[in-house]
Amino acid sequence: MERLARRLGVPDAVVIGLGSMLGAGVFVVFAPAAAAAGGAGLLVALALAGFVAFCNATSSARLAARHPESGGTYVYGRERLGPFAGFLAGWGFVVGKTASCAAMALTIGAYLWPGQARPVAAGAVLAVTAVNLRGIARTATATKALVVVVLAVLALVAVTGIAAGEVSLDRLGSGDGTVRGVLTAAGLLFFAFAGYARIATLGEEVRDPERTIPRAVPLALGVVLAVYLVLGVVTVGVLGADRLAASAAPLADVVTAAGLPGLAWVVRAGATVAVTGVLLSLLAGVGRTLLAMARRRDVPGALDAVHPVHRVPHRAELAVATVVIVVVALGDVRGAIGFSSCTVLVYYAITNAAALTLGRDPARKLPVRLLAGLGLAGCLLLAVNLPPASVLTGLGVLALGAAGYALRHARPAR
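These numbers were taken from a predicted model, which means no experiment stands behind them. (Residues numbered from 1 in each chain as written. Predicted model: local features only at pLDDT ≥ 70, side-chain atom pairs only at ≥ 80, totals over all residues. Heavy atoms only, no water.)

Considering the overall build of the chain
Then, number 1: From N to C terminus, the chain includes 15 helices and zero strands.
Then, number 2: On C-alpha atoms alone, the chain measures out to a radius of gyration of 20 Å, which is about the 22 Å that the 2.2 N^0.38 rule sets for 414 residues.
Then, number 3: Dimensions along the principal axes, computed over C-alpha positions, put the chain at roughly 65 × 40 × 40 Å.
Then, number 4: Counting only residues that meet the buried cut, the chain has 59% of its 414 residues in that class.
Then, number 5: Nonlocal contacts in the chain, meaning residues at least 24 apart in sequence, comprise 83% of its contacts between residues at least 6 apart.
Then, number 6: Carbon and sulfur atoms make up 67% of the accessible area of the chain, which totals about 15,200 Å².
Then, number 7: With 34 positive and 18 negative side-chain charges, the chain shows a separation of 6 Å between the mean positions of the two kinds. (Helix = DSSP H or I, 4+ residues; strand = E, 2+ residues; numbered from the N terminus. Rg over C-alpha atoms; globule rule 2.2 N^0.38 Å. Buried < 20%, exposed > 50% of the residue type's maximum accessible area, 1.4 Å probe, protein only. Contact = heavy atoms within 4.5 Å. Areas by Shrake-Rupley, 256 points an atom, 1.4 Å probe, with all protein chains shown as cover. Lys, Arg positive; Asp, Glu negative; His and termini not counted. Charge placed at Lys NZ, Arg CZ, Asp CG, Glu CD.)

As structure tokens, then:
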């Protein structure tokens, strides 16, 4: 079996995690989450999604350190729970994150050229794939540049809203958020946190994975949670729940409401950069999970190939890019987010179930088994409270994959 090269240290892994997360929640998910939960409910949902993500991150880090191989929970599920659990996790990740890639590409198109969003989205997928095919070191370098730009733009929005004195604490309590609404919003907002798994799916390319991965995952998640909380307070405090729920570009509306409409184009440019960074890391992670599945013939074995020069899973990445372009031509952003959240929450439920088999960890001060149990319950709770269409579509696609798996494995028996 051809192996990928270990080239990433802690800073590189953290940056790839940041590039996978920063942007998606701020530029895409805040509006539908506010519609579901209201002002105060949005902040509660954000904290709940962050906590579930922290539980998942702890489990992912422990498993990735024990099994430092590309594929993430696809590998952990196979090793700890059995081949079917691994397949279900891998299938959920690939189809869910392929939908995420399409959502991110369509967002780029909508910001850059609304009238030609789909062709621009397809071009963005091709450009990002070309970068990834040059090697993981190029991916990390490009992601670093994108993360710096995104953090600067997000800081600009926060400072503008606060300095203009437009943040009203009264607006933070606006809206009539119900328990179901908060859970729905948390499930949607989870979409914004799920990028930390990119560090685990790159486990075969990380130096000293037993040390690097457990450090990089919580660091990346902690930075993103802090940024999201600040921006959540500023966005709701300036716009209020109703205006936020109706906004197509919430952060651009924040600087406009603060009396600086000339900065809106800067925010739109920052959104494009942010989403490009997410797309860059998403495509890299999905390609590596597909490679791991091809190695075990859960998908066509032709995808089990590593480029002899750049040491990347080039066939898998090209296959993912092709499917994403098809989805871009047919799908829409909000539907893709709900579908992705459902399948990826199932993926992390399997992550936590696999982590429960590791037993106690005396080297860690955290109650890791308790966190794994809470993460498992939290993932299932958020998944079933997503919009009904997202739940039905997500579970239907997972069932379709499971049926295909059963048919393939029944043939040798007959």
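Description of a nonpolar patch on the surface
Then, number 1: A cluster of nonpolar side chains, namely Phe-51, Leu-370 and Leu-374, defines an oily patch on the protein surface of about 280 Å² accessible area.
Then, number 2: Within the element layout of this structure, Phe-51 appears in helix 2 (residues 24-66).
Then, number 3: Overall, Phe-51 belongs to the partly exposed group, its relative accessible area being 39%. (Patch = residues over 30% accessible without salt bridge, like charges linked within 9 Å, V, L, I, M, F, W, Y side chains within 5 Å. Salt bridge = Lys/Arg side-chain N within 4 Å of Asp/Glu carboxyl O.)

Overview of unusual backbone geometry
Then, number 1: Positive phi, normally seen in glycine, also occurs at Arg-297, with a value near 60°.
Then, number 2: Inspection of the secondary structure assignment puts Arg-297 in the loop between helix 11 (264-295) and helix 12 (314-330).
Then, number 3: Residue Arg-311 is not a glycine yet carries a positive backbone phi of 55°.
Then, number 4: Turning to its location among the elements, Arg-311 is positioned in the loop between helix 11 and helix 12.

Quick look at the layout of surface pockets
Then, number 1: For the largest pocket, the calculated volume is near 310 Å³.
Then, number 2: If you go around the largest pocket, you meet 17 residues; those closest to its centre are Phe-27, Thr-107, Ala-110, Tyr-111 and Ala-248.
Then, number 3: Ranked by residues supplied to the lining of the largest pocket, first place goes to helix 2 with six residues.
Then, number 4: Here the lining of the largest pocket is built from residues that sort into 13 nonpolar, two polar and two charged. (1 Å grid on protein atoms, 1.4 Å probe; cavity = no way out; pocket = protein on both sides within 12 Å on 5 of 7 lines; lining within 4 Å. Points joined across faces, edges and corners; volume = space filled by probe spheres on them. Nonpolar A, V, L, I, M, F, W, Y, C, P; charged D, E, K, R; others polar.)

Notes on empty space enclosed by the protein
Over the atoms, a rolling probe the size of a water molecule traces out where space has been left empty.
Then, number 1: Evaluated as defined, the whole model comprises two cavities of 30 Å³ or more.
Then, number 2: In this structure, the second largest cavity spans a volume of roughly 50 Å³.
Then, number 3: As for the second largest cavity, its lining consists of Gly-19, Leu-22, Thr-143, Leu-146, Val-147, Val-150, Val-273, Ala-274 and Gly-277.
Then, number 4: Listing elements by their share of the lining of the second largest cavity, those giving two or more residues are helix 6 (136-163) and helix 11.
Then, number 5: Counting residues per element, the lining of the second largest cavity draws most heavily on helix 6, which supplies four residues.
Then, number 6: Looking at side-chain class alone, the lining of the second largest cavity contains six nonpolar, three polar and no charged residues.

A closer look at the side chain of Thr-129
Then, number 1: Relative to the elements of secondary structure, Thr-129 occurs in helix 5 (residues 117-132).
Then, number 2: Here Val-125 takes part through its backbone oxygen, which lies 2.7 Å from a polar atom of the side chain of Thr-129.
Then, number 3: Filtering out sequence-adjacent residues up to four positions away, Thr-129 remains in contact with Leu-283, Glu-317, Leu-318 and Ala-321. (Polar contact = N/O pair within 3.5 Å; in protein donor to acceptor, adjacent residues only side chain to side chain.)

Some thoughts on the nonpolar core
Then, number 1: In this structure, Phe-27, Tyr-228 and Leu-279 are the most contacted members of the largest nonpolar core, which totals 135 residues.
Then, number 2: With 19 residues, the single largest contributor to this core is helix 2. (Core = buried A, V, L, I, M, F, W, Y, C linked by side-chain atoms within 4.5 Å.)

A look at the packing of helix 3 (residues 73-80) against helix 13 (residues 333-356)
Then, number 1: Following both chains from N to C, one finds helix 3 and helix 13 inclined at 40°, their axes separated by 9 Å at the closest point. By the angle between their directions, the pair helix 3 and helix 13 is classed as oblique. Here helix 3 runs over helix 13; the crossing is left-handed. Along its contact with helix 3, which presents Thr-73, Tyr-74, Tyr-76, Gly-77 and Arg-80, the element helix 13 presents Tyr-347, Ile-350, Thr-351 and Ala-354. (Axes fitted to C-alpha atoms, helices over the stretch in contact; angles between N-to-C directions. Parallel < 35°, antiparallel > 145°, perpendicular 65-115°, else oblique. Left-handed = near helix turned anticlockwise from the far one by under 90°.)

Quick look at helix 14 (residues 368-384)
Then, number 1: Taking 1.5 Å of rise per residue, the 17 residues of helix 14 would be expected to cover 24 Å, and the 25 Å separating its terminal C-alpha atoms lies within 8% of that figure.
Then, number 2: Burial in helix 14 covers these residues: Val-368, Leu-371, Ala-372, Gly-375, Gly-378, Cys-379, Leu-382 and Ala-383. On an axial view of helix 14, the arc spanned by its buried residues comes to 130°, and they lie on one face. Residues of helix 14 that are exposed and point over 90 degrees away from its buried face: Leu-370 and Val-384. (Expected span 1.5 Å × (residues − 1). Arc of directions from axis to C-beta.)

Some details on the packing of helix 3 against helix 4 (residues 83-112)
Each pair of packed helices gets described by two things: the angle between the helix axes and the distance between those axes.
Then, number 1: Two elements in contact, helix 3 and helix 4, have axes separated by 6 Å at closest approach and are oriented at 165°. Accordingly, the angle class assigned to the pair helix 3 and helix 4 is roughly antiparallel. The two elements helix 3 and helix 4 meet at a crossing, and its hand is right-handed. Counting all contacts with helix 3, which are made through Thr-73, Tyr-74, Gly-77 and Arg-78, the residues of helix 4 involved are Pro-83, Ala-85, Gly-86, Phe-87, Ala-89 and Gly-90.

Some thoughts on helix 1 (residues 10-21)
Then, number 1: With 12 residues, helix 1 extends 17 Å from end C-alpha to end C-alpha; this agrees with the ideal 16 Å at 1.5 Å per step.
Then, number 2: The set of residues buried in helix 1 consists of Val-10, Asp-12, Ala-13, Val-14, Val-15, Ile-16, Gly-17, Leu-18, Gly-19, Ser-20 and Met-21.

Looking at the pattern of salt bridges
Then, number 1: A full pass over the atoms with the stated rule returns three salt bridges.
Then, number 2: Arg-288 is paired through a salt bridge with Glu-317; the nearest N and O atoms lie 2.6 Å apart. Of this pair, Arg-288 sits in helix 11 while Glu-317 sits in helix 12; the two residues are 29 residues apart in sequence, bridging distant segments of the chain. One exposure class covers both Arg-288 and Glu-317, and it is buried.
Then, number 3: As a salt-bridge pair, Asp-304 and Arg-297 come within 3.8 Å of each other at their nearest N and O atoms.

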